[in-house]
Amino acid sequence: MDLQRINALIREVPDFPKPGILFKDIFPLFQDPIAVEMVITHIVNYINTTIKDKVDVIVGLDARGFLFGPLVAMRIGAAFAPVRKAGKLPGGVIQVSYEKEYGIDIFEMQEDSIKPGQNVIVIDDLIATGGSAAGAQQLIEKMHGNVLSFIFLIELEFLKGKEVLTAPVYSMIKA
Ligand SMILES: O=P(O)(O)OC[C@H]1O[C@H](OP(=O)(O)OP(=O)(O)O)[C@H](O)[C@@H]1O
Ligand SMILES: Nc1ncnc2[nH]cnc12
């Protein structure tokens, strides 16, 4: 995979959304459909070669996880289930509050979106502190789902987000 091509399409924005945060903007990547295809194919290959269990559900995190999760789910023949910020999902929901690099928030999932015993992979654009991914893991485990792995396009290694997660973490780009 041409990592340089993908890296060049990630824009760094200092002091966004708060002073002191170096924001990684992934939207320039979506100006290049071939680069998007490369990212999805890379993630699918990772899953097919590394994850031995059958994957039932891909979970994507609101909002940038929705850019990758459904494309991967479709390619591997799994379901997709969203983790959303509070107040966006109809029907019965379960929720968790969590802290991320630049704030606190509440995540929700529809209470029947994961069936007990289902194998789940969580996909998002970026892991910073790991707070968001850990919140998602809590929701999945509340529904008795089994988190097989976390997959990210970018990992901000200096924030050690991996350490708050209890399933294997794979990231394509370490920054
Ligand atoms: O590892 P953490 O410190 O928890 O940070 C990572 C999370 O922060 C960003 O989402 P954000 O909440 O900004 O939402 P967005 O995708 O809607 O922009 C990013 O997409 C991850 O979900
Ligand atoms: N530095 C960062 N850039 C983009 N998204 C983020 N989410 C948390 N920290 C982030």
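The structure this text deals with has already been given above.
Our subject in this report is the structure included herewith. Note that the structure is a prediction, hence the values are computed from the model and not measured.

This part covers the site of ligand 1. In the neighbourhood of ligand 1, 16 residues make up the surrounding shell, with Lys100, Tyr102, Asp124, Asp125 and Thr129 lying closest. One nitrogen or oxygen atom from the main chain of Ala63 is found 2.9 Å from an oxygen atom belonging to ligand 1. Asp125 is positioned such that a nitrogen or oxygen atom in its side chain is 2.6 Å from an oxygen atom of ligand 1. Its free accessible area being 510 Å², ligand 1 has 89% of it covered by the protein chains. Secondary structure elements with two or more residues in the shell around ligand 1: β7 (119–127) and α4 (131–142). The leading source of residues in the shell around ligand 1 is β7, at 4 residues. Across the shell around ligand 1, the residue classes break down as 5 nonpolar, 4 polar and 7 charged.

Below, the discussion takes up the packing of aromatic side chains. In the structure shown here, the tally under the stated rule is 8 aromatic pairs. An angle of 80° between the planes, with centres 5.0 Å apart, marks the rings of Phe16 and Phe23 as edge-to-face. The class for Phe23 is buried, based on a relative accessible area of 13%. Aromatic ring contacts, followed pair by pair, group Phe16, Phe23 and Tyr102 into a single cluster.

Moving on: the environment of Lys115. Following the sequence through the fold, Lys115 ends up in the loop between β6 (103–110) and β7. Its relative accessible area of 46% is what places Lys115 among the partly exposed residues. It is 16 Å that separates the C-alpha atoms of Lys115 and Gly60, two residues lying 55 residues apart in sequence. Excluding its chain neighbours within four sequence positions, the residues that come into contact with Lys115 are Met143 and His144.

Within the structure, ligand 2 sits among Ile21, Leu22, Phe23, Lys24, Arg64, Glu101, Tyr102, Leu126, Ala128 and Leu156. The side chain of Arg64 places a nitrogen or oxygen atom 3.1 Å from a nitrogen atom of ligand 2. In the model, a nitrogen atom of ligand 2 is placed 2.5 Å from a nitrogen or oxygen of the Glu101 side chain. In isolation ligand 2 has 260 Å² of accessible area, and contact with the protein removes 94% of it. Sorting elements by how many residues they give to the shell around ligand 2 places strand β2 (residues 22–25) first, with 3 residues.

Where burial is concerned, most of strand β3 (residues 57–61) is hidden: 5 out of the 5 residues are buried. Crossover handedness for the path β3 to helix α3 (residues 69–76) to strand β4 (residues 79–85): right-handed. When β3 meets β7, the two strands line up parallel, connected through 4 bridges. Paired with Val57 across the strands is Val120, a residue of β7.

Throughout the structure, instances matching the rule amount to 10 salt bridges. A salt bridge links Arg64 to Asp125; the shortest N-O distance between them is 2.8 Å. Placement of Arg64 in the loop between β3 and α3 and of Asp125 in strand β7 is noted, with a sequence separation of 61 residues between them. In this structure, the salt-bridge partner of Asp105 is Lys100, at a minimum N-O distance of 3.3 Å. For Asp105, a relative accessible area of 26% puts it in the partly exposed group.

Thresholds applied
- Residues numbered from 1 in each chain as written.
- Chains lettered and ligands numbered in written order.
- Predicted model: local features only at pLDDT ≥ 70, side-chain atom pairs only at ≥ 80, totals over all residues.
- Heavy atoms only, no water.
- Near = heavy atom within 4 Å.
- Polar contact = N/O pair within 3.5 Å; in protein donor to acceptor, adjacent residues only side chain to side chain.
- Areas by Shrake-Rupley, 256 points an atom, 1.4 Å probe, with all protein chains shown as cover.
- Helix = DSSP H or I, 4+ residues; strand = E, 2+ residues; numbered from the N terminus.
- Nonpolar A, V, L, I, M, F, W, Y, C, P; charged D, E, K, R; others polar.
- Phe/Tyr/Trp six-rings, centres within 6.5 Å; stacked < 30°, edge-to-face > 60°.
- Buried < 20%, exposed > 50% of the residue type's maximum accessible area, 1.4 Å probe, protein only.
- Contact = heavy atoms within 4.5 Å.
- Right-handed = clockwise from strand over helix to strand, strands pointing away.
- Pairing = 2+ DSSP bridges.
- Salt bridge = Lys/Arg side-chain N within 4 Å of Asp/Glu carboxyl O.

Functional significance is not addressed by these values, which are geometric in nature.
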